[in-house]
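Tertiary structure, described
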Amino acid sequence: MRYKSIIISIIALSFVFTTQAQNIKTVTNKSGTVLKYHKNSGVKIIKENDESFKDLNKNGKLDAYEDWRLPGEERAKDLASKMSVDQIAGLMLYSQHQALPSLAVGFGAGTYNGKPFSESEAEASAISDQQKQFLKDDNLRHVLLTAVKSPEVAAKWNNNVQAFVEGLGLGIPANNSSDPRNTATVTSEFNAGAGGTISLWPDGLAMGATFDPELTKQFGEIAAQEYRALGITTALSPQVDLGTEPRWYRIAYVFSESPELVKEMGKAYIEGFQTSDKASEIKNGWGYQSVNAMVKHWPGGGPEEGGRDAHWAMGKFAVYPADNFKDHLKPFTEGAFNLDGGTKKAAAVMPYYTISFDRDDVYNENVGNGFSKYMITELLRDKYGYDGVVCTDWLITANEGGTPDTFAGKPWGAEELSVAERHYKVLKAGVDQFGGNNEKGPVLEAYQMGVEEFGEDYMRKRFERSAVRLLKNIFRTGLFENPYLDVEETKAIVGNAEFMQAGYDAQVKSVVMLKNKNQVLPIKEKQAVYIPKIYTPVTTDWWGKATSATLDYPVDLELINNYYNVTDDPKEADFALVFVKNPQTKEAGYSKIDRREGGNGYVPISLQYETYTATTAREKSIAAGDPVIDPEITNRSYKGKTSTSSNIMDLRTLEDTKMLMGNKPVIVSITANKPMIFSEFESQVEAIVLNFGISTQAVMDIVSGRAEPSGLLPVQMPANMKTVEAQQEDVPFDMIPYQDSEGNLYDFGYGLDWDGIIKDERTSKFKE
């Protein structure tokens with residue numbers, strides 16, 4: 001079902017005409033198709049057989065691509081044939097990250113009439129100088145949005161952009177997109193969800209912990225409505241990588257290590273996003289409520305050697321020590337490409353940065369997946385029959401940084417090529433689009449390289465083939481007919497009470513109760529609770545920017561006071577509630593200090609709080625090599641090296657709290673972004689409640705008994721670091737799970753409710 005019941009009445013009561021709305025003209029055809037266009041864009045209306053059509057290229061006649069009665073593919077082919085090489089090159093671009101309004105510095109930074117936003121007197125919804133340039137001069141039509149000031153600003157900005165591009169050339173609309181932005185903690189990748197009211201849901205492992213594909217589909221249906229109300233028609237999600245490597249940074253964003261669970265959850269997610277209801281359908285499930293899903297990351301980014309991530313050169317290799325490549329393909333081939341609904345397949349695919357090491361048995365190349373003809377043409381296109389859009393991950397054609405842990409370009413395996421040569425290699429691999437590239441120049445250079453090698457006719461057809469794929473995703477979401485938003489409708493849809501409640505209910509369902517000694521939980525409300533302050537060390541973001549250390553309460557005490565009476569004296573407390581994070585490794589697999597001291601720079605990623613020495617790690621890494629910054633390093637092993645969790649004080653706080661509380665219960669609430677070692681503290685506490693990044697309120701509803709826990713572990717929790725080192729990066733369920741003092745195994749699918757270990761339809765269906 002679609003959730004639309006609250007919208008009509010609100011709009012009827014609150015609709016006001018703005019200057020922007022008055023400039024948008026509406027034509028309703030007798031067939032019901034609605035056309036909207038800006039009065040100043042130069043677009044006129046053409047009549048044929050009592051039906052109306054937009055003359056987007058202003059030539060005074062009805063072209064096939066302007067005829068909404070025709071199939072999307074036919075329209076796309078007609079338009080592609082009319083586009084210049086310059087225009088197709090622009091269509092192949094996908095912008096860098098854009099905030100609304102533009103930031104003064106960083107990715108997507110912008111100015112307004114040459115001034116930063118704060119000095120410009122521009123509206124937050126204005127188009128920045130840089131956005132005007134890439135839309136007009138570079139013909140870019142795919143824009144990645146991050147933080148927005150408000151839904152209203154997003155809607156107005158969308159209308160400004162659509163009016164701007166409607167007046168250019170062939171009148172191709174903008175296809176705006178987003179990384180996941182509905183996460184409950186608003187800490188999506190690159191902080192993409194920050195700013196703007198929107199419903200808040202479990203994401204990644206948190207959604208996986210519900211073991212509920214129908215809930216995931218419900219999320220997709222609701223989020224799609226919110227996306228469309230924000231002017232977003234492509235979701236850079238879901239992430240259907242398998243979490244088979246427990247130390248991997250991005251395991252937080254996957255559903256599970258289980259191929260079956262990930263397959264079903266990803267499939268449901270895409271169905272929810274892409275399928276319009278009958279009232280808004282254009283054809284085959286696609287329509288005005290559809291959001292293109294860009295599933296990622298082909299052919300599976302999970303098996304990162306040693307848990308290092310490919311956003312940095314230190315983690316460029318995915319490895320398959322057990323030769324288990326096939327499991328990582330299942331969420332794509334049996335899920336994303338095999339939908340039950342009319343849309344049939346995910347609209348787009350994003351390959352990961354990684355070099356899938358030694359998997360190419362045709363060309364014998366070890367290059368990043370976006371550069372690999374084997375991965376894109378031989379497998380994805382030819383073997384598995386995928387003919388949708390393939391878009392590179394962001395910045396694979398840019399130059400890498402000066403050290404393996406510098407966040408910069410990710411041209412893995414193509415480091416020695418020029419930027420233009422990298423673009424050409426991507427095109428030859430069979431890819432359609434360049435993520436994070438705002439400029440058409442290198443694409444045009446690559447085109448000329450192709451002309452020299454294969455001739456003009458070949459390259460023209462090659463460009464048109466990609467153009468058709470890209471245009472189909474714009475046609476079937478109805479943007480050519482109506483790319484404009486009603487601002488009041490946007491305000492009524494995004495983050496409305498019904499959607500917020502649905503998201504919150506899902507958050508509660510994602511909480512996993514791991515331990516409940518003597519049924520200490522739930523704890524009756526209004527008792528006295530002691531909550532210790534937590535020391536948070538200096539942390540750095542993706543780009544190395546540091547945040548100062550703090551000593552403070554980890555939660556909002558006013559929220560806790562809605563449940564219990566907070567005291568800062570353990571003697572007065574009936575119980576203690578300690579909020580901690582799972583162990584965090586300060587160095588995500590690489591240390592400049594180790595390198596300066598003569599080592600190879602590679603260090604262990606630990607899942608425990610205490611200092612860890614990797615005595616059982618591999619003697620020799622499976623993969624290594626970087627022709628630019630560390631060509632002499634042929635072994636990335638970290639055996640014998642040591643690392644300590646940056647938040648080891650979380651463990652000390654747990655131990656101190658137990659000492660202060662004596663025989664009174666200590667309850668631990670853990671927020672985790674990956675598996676962790678529990679043996680350091682589990683036996684000392686009475687109860688453990690685990691979440692993977694949701695609101696504190698949802699956790700408190702479980703602790704207090706307002707809701708019963710129902711979440712299940714989507715990944716194994718290892719017994720120790722020895723089993724972590726012994727497991728193979730490409731294999732699920734190959735660790736010895738931790739057994740707690742109550743005799744319970746923290747294995748895949750484990751979780752407690754008030755009656756004990758959960759055994760239901762979910763645990764029967766999804767097994768190891």
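First things first, this report covers the structure right here in the doc. (Residues numbered from 1 in each chain as written. Predicted model: local features only at pLDDT ≥ 70, side-chain atom pairs only at ≥ 80, totals over all residues. Heavy atoms only, no water.)

Moving on, we come to the nonpolar core. In terms of nonpolar packing, the biggest core is built from 198 residues, with Trp298, Phe463, Leu471, Ile670, Phe678 and Phe681 touching the most fellow members. If you tally residues by element for this core, the top one is helix H15 (residues 456-475), at eight residues. With near-sequence residues (within four places) excluded, Leu471 lies in contact with Ala76, Leu79, Ala80, Met83, Leu91, Ile172 and Phe480. Listed in part, the nine residues of the second largest apolar core include Ala617, Met721, Val724 and Met735. (Core = buried A, V, L, I, M, F, W, Y, C linked by side-chain atoms within 4.5 Å. Buried < 20%, exposed > 50% of the residue type's maximum accessible area, 1.4 Å probe, protein only. Helix = DSSP H or I, 4+ residues; strand = E, 2+ residues; numbered from the N terminus. Contact = heavy atoms within 4.5 Å.)

Cis geometry is adopted by the peptide bond preceding Pro101, which originates at Leu100 and carries an omega value of 0°. By secondary structure assignment, the location of Pro101 is in the loop between strand E6 (97-100) and helix H5 (117-120). Here the bond from Lys296 into His297 is cis, since omega is 10°, no more than 30 degrees from zero. Even without being glycine, Glu121 reaches a positive phi, approximately 65°. Examined against the element boundaries, Glu121 turns out to sit in the loop between H5 and helix H6 (129-136). Of note, the phi angle at Asp323 is positive, near 60°, even though the residue is not glycine. Position of Asp323 relative to the elements: it lies in the loop between strand E13 (317-318) and helix H11 (325-336). Taking relative accessible area as the criterion, Asp323 reaches 53% and is therefore assigned exposed.

Considering the arrangement of structural elements, one finds Glu453 in helix H14 (residues 441-454). Excluding anything up to four places from it in sequence, Glu453 contacts Tyr424 and Lys428.

Okay, the pairing of strand E14 (residues 348-351) next. On E14, burial covers both faces: Ala348 and Met350 on one face and Val349 and Pro351 on the other are all buried. Bridging between strand E12 (residues 292-298) and E14 involves four bridges; their strand directions are parallel. Pairing of Met294 across the sheet is with Ala348, part of E14. Sheet topology note: the E14/strand E16 (residues 389-390) ladder contains two bridges and is parallel. Paired with Ala348 across the bridge in E16 is Val389. (Pairing = 2+ DSSP bridges.)

Next up on the list: the environment of Ser177. Looking at the element boundaries, Ser177 is found in strand E8 (residues 175-178). Along the backbone, Ser177 and Phe748 are 571 residues apart, and their C-alpha atoms lie at a distance of 34 Å. With near-sequence residues (within four places) excluded, Ser177 lies in contact with Tyr94, Val143, Leu144, Leu145, Ile232, Thr234 and Leu236. Here Tyr94 takes part through its side chain, which lies 2.9 Å from a polar atom of the side chain of Ser177. (Polar contact = N/O pair within 3.5 Å; in protein donor to acceptor, adjacent residues only side chain to side chain.)

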